[in-house]
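Residues per chain are reported as follows:
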Amino acid sequence: MDLCTDEDSILEPLCFPERSADSASVDSVPSPSSELLVCLFCTESTRLDMKDELLKHLLQEHKLVIADVKLIANLPKYLLYWKGRLLEQPVTDFCSVIKTNSTGPADKQENYFLLCDILPEDRILRENLQQKRLEEVLEQQQKERDDNTFSRPCLFCSEEFTGNRSSLLNHMAREHSFSIGLPDNIVYCDEFLDTLQKKLDDLQCLYCEKTFRDKTTLKDHMRKKTHRRINASNRQYDRFYVINYLELGKTWEEVQSEDDRELVEDDDDDWSDWQAHPVLAVCLFCDHQSDTMDQIYIHMKGTHGFDLHKLRTDLGLGFYQQVKLVNFIRRQIHQSRCYGCEEKFESRPEVLQHLELQGHVMKLPDMLTWDQPQYYFPTYENDALLCTLSDSDGEQTDERHHHDDVPVFAEDDRELKLLRQTSVLNQLLKNRTH
């Protein structure tokens, strides 16, 4: 079967909207958008701000996937390095090979190549690029700390500040209760302030990011709602904080949480105020969520007529086959395609209507279609439904029946009396009374 087409390529796992993925990446050091990314195999190239086009080209034309692209500090240099290496040696010397449709006919099988940091050479390259980027960022930060030619007006009043950037940042924190952090923790300060100024010019709140009709309404909103702060969950700001460049693949939140654990390492283990966040499972067909798996199964069966338990029992599916089936259905629904007859539709509501009217909800294609290695990888990386799958319903029943078959014998009263008379405890008690 054909793994992907121009319309439905999924280059990375999706993420359900209610839980933003911890895309722990920090954008590369600001580079001109015109900087080119080159294909590893041919003359194809594209601009850095259109990297998804090149990744799609590598997947579709050359069957190659680069793992964790977001964690690569300098993607142009990374691609140039591997382009040179692939001119020297074949791709199989560096990449893991994934064969699709491995159980099907030979003419239907395809080899895909995965380039990742499991290869020591790739890991060293990524670490060197990360180290180089950190050095560049620290050098830039030091220049800004020593720069006394800074000149800029306040974001909230007409006062002009010259000299060092700290004078403006301290003024906004003191006079307007707006703090973006300590000056020494910030890098690319001019670009950071330009970003904030543009949002304000576009009448957008810096915290909730809602847009208002005029500046007066925006100022009143930010003052009354105490929204004179930036949205920490907006990854656009990550590149302006030095802490985000310290460790490969870690955000400031992860680094900070590690520091906090070190601080409380010697404290008493008091978990009395712990509040567990419920894990929400999402329906295979719609956006309905439930905090218990029983509820989501009942919803899918009652609302959509889909009974995963029945399919598992009828087809004798093991755990990994269920994983592949769930990921397969997720992908087909995301691509607005009926998984039963493979008919393509314009939107999800249309495919759901088709499934119901044609009775295709419980109609699965041939097992070879979805029982493929590619569906080991989750369509949605935060899919809680995958964590609830089990091998069979009969495990507990079999265990209960096993215990029922164990014979139980009544105790013999005569043997108990004999044990009491001959017990060593009697002798010990006698010795103690003498």
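For the structure, check the block above.
Residues numbered from 1 in each chain as written. Predicted model: local features only at pLDDT ≥ 70, side-chain atom pairs only at ≥ 80, totals over all residues. Heavy atoms only, no water.

The relative placement of two aromatic rings is captured by the distance of their centres and the angle of their planes. Counted by the stated rule, this structure contains eleven aromatic pairs. Ring geometry for Tyr81 against Trp82: centres 5.3 Å apart, planes inclined by 85°, an arrangement best described as edge-to-face. With a relative accessible area of 32%, Tyr81 lands in the partly exposed category. Its relative accessible area of 1% is what places Trp82 among the buried residues. Measuring from centroid to centroid gives 5.3 Å for Phe285 and Phe306, while their planes differ by 65°, and the two rings are edge-to-face. A residue pair is termed long-range when its members are at least 10 positions apart, and Phe285 in the loop between β8 (281-282) and β9 (289-290) and Phe306 in the loop between α8 (293-304) and α9 (308-315) qualify at 21 residues. Exposure class is identical for Phe285 and Phe306. Each is buried. Ring pairs connect the aromatic residues Phe192, Tyr237, Phe240 and Tyr241, which therefore count as one cluster. Directly above the aromatic system of Phe156 lies the positively charged group of Arg228, at a separation of 5.2 Å from the ring centroid. In this arrangement the basic side chain of Arg229 is found over the ring face of Tyr207, its NZ or CZ atom lying 4.0 Å from the centre. (Phe/Tyr/Trp six-rings, centres within 6.5 Å; stacked < 30°, edge-to-face > 60°. Buried < 20%, exposed > 50% of the residue type's maximum accessible area, 1.4 Å probe, protein only. Helix = DSSP H or I, 4+ residues; strand = E, 2+ residues; numbered from the N terminus. Lys NZ or Arg CZ within 6 Å of the ring centre and 35° of its normal.)

Quick look at a nonpolar patch on the surface now. A grouping of Tyr320, Tyr376 and Phe377 is seen on the molecular surface, where their side chains present a nonpolar patch of about 370 Å² in accessible area. Tracing the backbone through its elements, the reader meets Tyr376 in the loop between α12 (367-370) and α13 (394-404). Classification of Tyr376 as partly exposed rests on a relative accessible area of 42%. (Patch = residues over 30% accessible without salt bridge, like charges linked within 9 Å, V, L, I, M, F, W, Y side chains within 5 Å. Areas by Shrake-Rupley, 256 points an atom, 1.4 Å probe, with all protein chains shown as cover. Salt bridge = Lys/Arg side-chain N within 4 Å of Asp/Glu carboxyl O.)

On to the pairing of strand β6 (residues 150-153), then. By the alternation rule, side chains of β6 split into Phe150 and Arg152, which are all buried, and Ser151 and Pro153, of which none is buried. Alignment of β6 against strand β7 (residues 160-163), held across four bridges, turns out to be antiparallel. Of the residues in β7, the one forming a bridge with Pro153 is Glu160. Remark: six residues form the turn of the hairpin made by β6 and β7, two consecutive strands paired antiparallel. (Pairing = 2+ DSSP bridges.)

Within the element layout of this structure, Lys199 appears in helix α5 (residues 189-201). With no salt bridge to any partner, buried Lys199 finds its closest opposite charge in Glu209, at an N-O distance of 4.2 Å. Residues contacting Lys199, with those up to four places away along its chain left out, are Gln204, Leu206, Glu209, Asn234, Gln236 and Tyr237. (Lys, Arg positive; Asp, Glu negative; His and termini not counted. Contact = heavy atoms within 4.5 Å.)

Strand order in this open sheet of three strands is β3-β5-β4, and the pairing throughout is mixed. Each edge of the sheet is formed by a strand with only one pairing partner; in this case those strands are β3 (64-66) and β4 (96-100). On average, each strand axis in the sheet is inclined to that of its neighbour by 25°, with strand direction left out of account. Where helix α1 (residues 51-62) meets the sheet, its contacts fall on β3 and β5 (110-115), and the angle it forms with β3 comes to roughly 150°. (Axes fitted to C-alpha atoms, helices over the stretch in contact; angles between N-to-C directions.)

What follows deals with helix α3 (residues 120-146). With 27 residues, α3 extends 39 Å from end C-alpha to end C-alpha; this agrees with the ideal 39 Å at 1.5 Å per step. Along α3, the positions that sit buried rather than exposed are Asp122, Leu125, Arg126, Leu129, Gln130, Arg133, Leu134, Val137, Gln141 and Glu144. Against β3, α2 (75-88), β5, α4 (165-175) and α5 lie the buried residues of α3. (Expected span 1.5 Å × (residues − 1).)

Let's shift gears to the environment of Glu61. Counting through the fold element by element, Glu61 comes out in helix α1. The class for Glu61 is exposed, based on a relative accessible area of 52%. The sequence separation of Glu61 and Phe41 amounts to 20 residues, and the corresponding C-alpha distance is 9.6 Å.

Worth remembering: the numbers are spatial, not functional.
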